[in-house]
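Each chain is listed here by its residues.
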Amino acid sequence: MSVLNKFVVTVLPVIPKAVVGQVAKRYIAGVTLQDAVRVVQELNQKGMMATMDLLGEDVTQVSEATAVKDNIVAIFRAIRDNSIGSNVSVKPTQLGLKIDSEICYQNIRAIVEQARSQSNFVRIDMEDASTTEQTLDIYRRLRKDGYTNLGVVVQAYLHRSEADVTALVKEGANVRLCKGIYDESPAIAFKDRRQIRDNFLKLLRFLLEGGSYVGIATHDDFLIDGAMELIGKLGVKPTQYEFQMLLGVRENRRDQIVQAGHRLRVYVPYGEQWYAYSTRRLKENPHMAWYITKAIFVR
Ligand code: FDA
């Protein structure tokens, strides 16, 4: 990270929300469900699928978790009514995981049930490592209850992920593989960029060889190229995987992947809780200092 970017990360909390909003526009579909539907329609026209995400996490009130569940059920209705190509990603802590895992389970179950009634799919995002075990438990309980229209996420930076992938492959899981975004302790996570990349490709090989459906979620050329090489070498069918990217990130590379005939899904976040998500994206963005400067000076 450049010195200027480090500086911007430090001062980000005091940069006016309006400036962050202007820069962050590219990463979020908007505030309302209608905004998100419109963005998904545009992506669909370009031959891309979507996964819609109602922003928010760490809910502390049961009533809030219930409201989030109702809003996510409404996303599925909007997908059906507008005939758009999208599934939905959910975060356990927005559905009550930190309050009570049973409440979270019931909320996710209601969402998965709605999705199943319209032949759609729910991806359970993976949050910080304090939630990994409970998230996998909820996923497995739903599978045991007969639901097959859901999948989980594995983070390549976690030491435990190799064992998780080994088990998930045996269970025939649908897995999104990503590097992982939370700041985890070196006791449980790789911190070195090369180690994370190596583990990503190792886990991807296990998943593809084991026959799992994989969402390859990365913007990293090294991993995209490595994945394509692996797919070619193993002769994996195009229906066994998809690339996944976040809205607003590396759009040129995204278009190239689609043009090369691979399936690609864009993660489309929206909602009133856009600020926390946007600052996280900005901290990752190597060009962030430039964007912020531009937003301040170019009106
Ligand atoms: P890396 O961060 O090295 O980025 C590679 C390149 O992409 C950068 O060099 C830059 O050029 C570009 N880039 C990356 N971010 C950018 C930005 N914000 N703006 C502009 N350019 C940017 N994590 C998690 O812990 N749990 C989860 O459930 C998910 N879910 C998820 C879904 C999807 C669809 C994606 C793409 C990612 C996630 N993630 C996630 C986040 C993931 O773990 C990871 O933090 C980010 O994808 C960044 O890692 P990359 O592999 O893209 O590499």
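Here we summarise the structure given alongside this text. This one's a predicted model, so the numbers in the text were calculated from it and none came from an experiment.

Overview of the packing of aromatic side chains
Point 1. Taken as a whole and assessed by the stated rule, the structure comprises 2 aromatic pairs.
Point 2. With a centroid separation of 6.0 Å and an interplanar angle of 85°, the aromatic rings of Y241 and F243 are classed as edge-to-face.
Point 3. Looking at Y241, the relative accessible area reads 3%, which means it is buried.
Point 4. Between the aromatic rings of W274 and Y275, the centroid separation amounts to 5.8 Å while the plane-to-plane angle is 80°, which identifies the pairing as edge-to-face.

Regarding the site of the ligand
Point 1. Around the ligand, a shell composed of 26 residues is seen, among which M126, K179, G180, T218 and H219 lie nearest.
Point 2. At 2.8 Å, a side-chain N or O of K179 approaches an oxygen atom of the ligand.
Point 3. T218 places a polar side-chain atom, nitrogen or oxygen, 2.6 Å from an oxygen atom of the ligand.
Point 4. Surface burial for the ligand is 87%, taken as the share of its 940 Å² of free accessible area covered by protein chains.
Point 5. In a pocket analysis with a 2 Å cut-off to the grid points, the ligand is assigned to the largest pocket.
Point 6. A breakdown of the residues in the shell around the ligand according to their chemical character gives 12 nonpolar, 6 polar and 8 charged.
Point 7. Counting only domains with at least three residues in the shell around the ligand, you end up with domain 1 (1-26 + 283-299) and domain 2 (29-270).

Quick word on the layout of surface pockets
Point 1. Estimated volume of the largest pocket: approximately 1,700 Å³.
Point 2. Surrounding the largest pocket, 49 residues form its lining, K179, I181, H219, R281 and E284 being those nearest its centre.
Point 3. Secondary-structure elements contributing two or more residues to the lining of the largest pocket are strand 4 (150-155), strand 5 (174-178), helix 8 (193-209), strand 7 (241-246), strand 8 (264-270) and helix 11 (274-284).
Point 4. Taken together, the residues of the lining of the largest pocket sort by class into 20 nonpolar, 10 polar and 19 charged.
Point 5. Looking at the lining of the largest pocket, you find at least three residues from each of domain 1 (1-26 + 283-299) and domain 2 (29-270).

Some remarks on the pattern of salt bridges
Point 1. Scanning the model with the defined rule gives 23 salt bridges in all.
Point 2. A salt bridge links R38 to D35, with the shortest nitrogen-to-oxygen separation between them at 2.7 Å. Residue R38 and its partner D35 are both found in helix 3 (residues 33-45); the two are separated by 3 residues, about one turn of the helix.
Point 3. Members of the salt-bridge network, linked through shared partners, are D53, K91, D125 and R176.

Section: helix 7 (residues 161-170)
Point 1. When helix 7 is considered as a whole, its buried residues turn out to be S161, D164, V165, L168 and V169. Seen from one end, helix 7 has its buried residues packed into an arc of 130°, which puts them on one side. Facing away from the buried side of helix 7 by over 90 degrees, the exposed positions are A163 and K170.
Point 2. The inward-facing, buried residues of helix 7 contact helix 6 (132-144), strand 4, strand 5 and helix 8.
Point 3. G172 sits one or two positions beyond helix 7 and adopts a positive phi of about 70°.

Observations regarding the side chain of T218
Point 1. Within the element layout of this structure, T218 appears in the loop between strand 6 (213-217) and helix 9 (221-234).
Point 2. Assessed through its relative accessible area of 6%, T218 is described here as buried.
Point 3. Reaching out from T218, the side chain makes a polar contact with the backbone nitrogen of D220 at a distance of 3.0 Å.
Point 4. When near neighbours in sequence (up to four residues on either side) are disregarded, T218 contacts F200, L223, I224, Q244 and M245.

A few points about the environment of I28
Point 1. Here I28 is to be found in the loop between helix 2 (17-24) and helix 3.
Point 2. Since its relative accessible area comes to 13%, I28 is described here as buried.
Point 3. Beyond its immediate sequence surroundings of up to four residues, I28 is in contact with L55, L247, P269, W274, Y277 and S278.

Some remarks on the packing of helix 2 against helix 11
Point 1. Closest axis-to-axis distance for the helix 2/helix 11 pair is 10 Å, and the angle between their directions is 65°. With respect to each other, helix 2 and helix 11 are oriented roughly perpendicular. Crossing geometry of helix 2 relative to helix 11 is assigned as left-handed. From helix 2, K17, V20, G21, V23 and A24 reach across to helix 11, where they touch W274, Y275, S278, T279 and L282.
Point 2. Within the contact of helix 2 with helix 11, the residues separate by chemical class into 6 nonpolar, 3 polar and 1 charged.

Scoring rules and cut-offs
- Residues numbered from 1 in each chain as written.
- Predicted model: local features only at pLDDT ≥ 70, side-chain atom pairs only at ≥ 80, totals over all residues.
- Heavy atoms only, no water.
- Phe/Tyr/Trp six-rings, centres within 6.5 Å; stacked < 30°, edge-to-face > 60°.
- Buried < 20%, exposed > 50% of the residue type's maximum accessible area, 1.4 Å probe, protein only.
- Near = heavy atom within 4 Å.
- Polar contact = N/O pair within 3.5 Å; in protein donor to acceptor, adjacent residues only side chain to side chain.
- Areas by Shrake-Rupley, 256 points an atom, 1.4 Å probe, with all protein chains shown as cover.
- 1 Å grid on protein atoms, 1.4 Å probe; cavity = no way out; pocket = protein on both sides within 12 Å on 5 of 7 lines; lining within 4 Å.
- Sits in = over half its atoms within 2 Å of the grid points.
- Nonpolar A, V, L, I, M, F, W, Y, C, P; charged D, E, K, R; others polar.
- Domains from an automatic or database assignment.
- Points joined across faces, edges and corners; volume = space filled by probe spheres on them.
- Helix = DSSP H or I, 4+ residues; strand = E, 2+ residues; numbered from the N terminus.
- Salt bridge = Lys/Arg side-chain N within 4 Å of Asp/Glu carboxyl O.
- Arc of directions from axis to C-beta.
- Contact = heavy atoms within 4.5 Å.
- Axes fitted to C-alpha atoms, helices over the stretch in contact; angles between N-to-C directions.
- Parallel < 35°, antiparallel > 145°, perpendicular 65-115°, else oblique.
- Left-handed = near helix turned anticlockwise from the far one by under 90°.

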